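# Geometric and topological summary
Okay, here's what each chain looks like letter by letter:
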There are 2 protein chains.
Amino acid sequence: MPDTRSAETQIDALVFDERGLLPVVVQEATTREVLMLAWANADAVRRTLETGRATYWSRSRGEIWVKGETSGHAQHVRSVATDCDGDTLLYVVDQTGAACHTGTATCFTGRELA
Amino acid sequence: MPDTRSAETQIDALVFDERGLLPVVVQEATTREVLMLAWANADAVRRTLETGRATYWSRSRGEIWVKGETSGHAQHVRSVATDCDGDTLLYVVDQTGAACHTGTATCFTGRELA
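Starting afresh in each chain, residues are numbered from 1 along the sequence in its written order. Think of it this way: whatever chain is written first is A, whatever ligand is written first is 1, and the rest follow in order. Only residues with pLDDT of 70 or above have their local features reported here, since the model is predicted, and side-chain atom pairs are shown and tallied only from 80 upward, although totals for entire chains, interfaces and linings are computed over all residues. Processing note: side-chain calculations cover all non-hydrogen atoms of the structure and skip hydrogens and water entirely.

## A look at the sheet that holds strand 5 (residues 75-82) of chain B
By way of backbone hydrogen bonds, the strands of a sheet pair with one another, either parallel or antiparallel. For clarity, the cut-off: Two strands are counted as paired when DSSP detects at least two bridges linking them. By definition, any uninterrupted DSSP run of H or I lasting at least four residues is a helix, any uninterrupted run of E lasting at least two residues is a strand, and each is numbered from the N terminus. Whether two residues touch is decided by their heavy atoms; if any such pair falls within 4.5 Å, the residues are in contact. Axis definition: a line fitted to C-alpha atoms, limited for helices to the stretch in contact. Angles are taken between N-to-C directions and run from 0 to 180 degrees.
Taken together, the 5 strands give an open sheet; going across it, the order is 7(A)-5(B)-6(B)-1(B)-2(B), and neighbouring strands pair in mixed fashion. Among the strands making up the open sheet, the edge pair consists of strand 7 (112-113) of chain A together with strand 2 (34-40) of chain B. Against the sheet, helix 2 (residues 42-51) of chain B contacts strand 7 of chain A together with strand 2, strand 5 and strand 6 (89-95) of chain B, and its axis sits at roughly 45 degrees relative to strand 6 of chain B.

## Notes on the interface of chain A and chain B
Stated formally: Buried area adds together the accessible area that both of two parts lose upon being put together, with accessible area traced by a 1.4 Å probe. Salt bridges, as used here, are contacts in which a Lys or Arg side-chain nitrogen is within 4 Å of a carboxyl oxygen on Asp or Glu. When residues are sorted by character, Ala, Val, Leu, Ile, Met, Phe, Trp, Tyr, Cys and Pro go into the nonpolar class, Asp, Glu, Lys and Arg into the charged class, and all the rest, Gly among them, into the polar class.
Contacts between the two partners involve 39 residues from chain A, matched on the other side by 39 residues from chain B. Each partner contributes to the roughly 3,600 Å² buried at the junction of chain A and chain B, and carbon and sulfur atoms together form 58% of this total. Our enumeration of links across chain A and chain B arrives at 2 salt bridges. A salt bridge links Arg59(B) to Asp87(A), with the nearest nitrogen and oxygen atoms 3.3 Å apart. Of all the elements in the fold, those that place two or more residues in the side of chain A that touches chain B are strand 1 (22-28), strand 2 (34-40), helix 2 (42-51), strand 5 (75-82), strand 6 (89-95) and strand 7 of chain A. Considering each element in turn, the side of chain A that touches chain B owes the most residues, 4 residues, to strand 5 of chain A. Class assignment for the residues of the side of chain A that touches chain B results in 19 nonpolar, 10 polar and 10 charged.

Have a look at this one:
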């Protein structure tokens, strides 16, 4: 059920942590694989909603990060959903190329615990 | 590819945040839906691996939380995978009943942003 409130009102209702961030779970629309977990601040969410390109906050670089801007491995966002607490987002995306910077399809590939 | 190191060695290799926690993405094995995002400390991961029952750290209650212990809506864990950075886990589970405490199948149901 799409939320009909304005994007800004929806972003205001999100619960960011003490760093101003919330976790974003990223799932591939077609394969249904969980690709990665990333972090977003309010501006990253706003840009994602405005552009349809998955946008995050890079904690290591301390800057806005448009996925695929360097690698070409972009994520086109089909939907953005909040969880019941409003403190986590789920981006369902069409992934171009590998989601993981290691070159694998997902960041969860191949390291399965016992 | 299952990791053949001991569970304790694998847990030691995980990257927990300053609170001693890491985020856990939970995906249903059959429906492939992303059910929820929860948090785990080392002990929660250890118990999950030992028991096969999804176990988390409840930030609101400040205690170990075996999913479904109160509600009956347990999660039987098929696999636990780390991401490329070792700072996020993916539990793939068989969910009994509703995953969300609100009674919906997933915590991401019905609140889709524009």
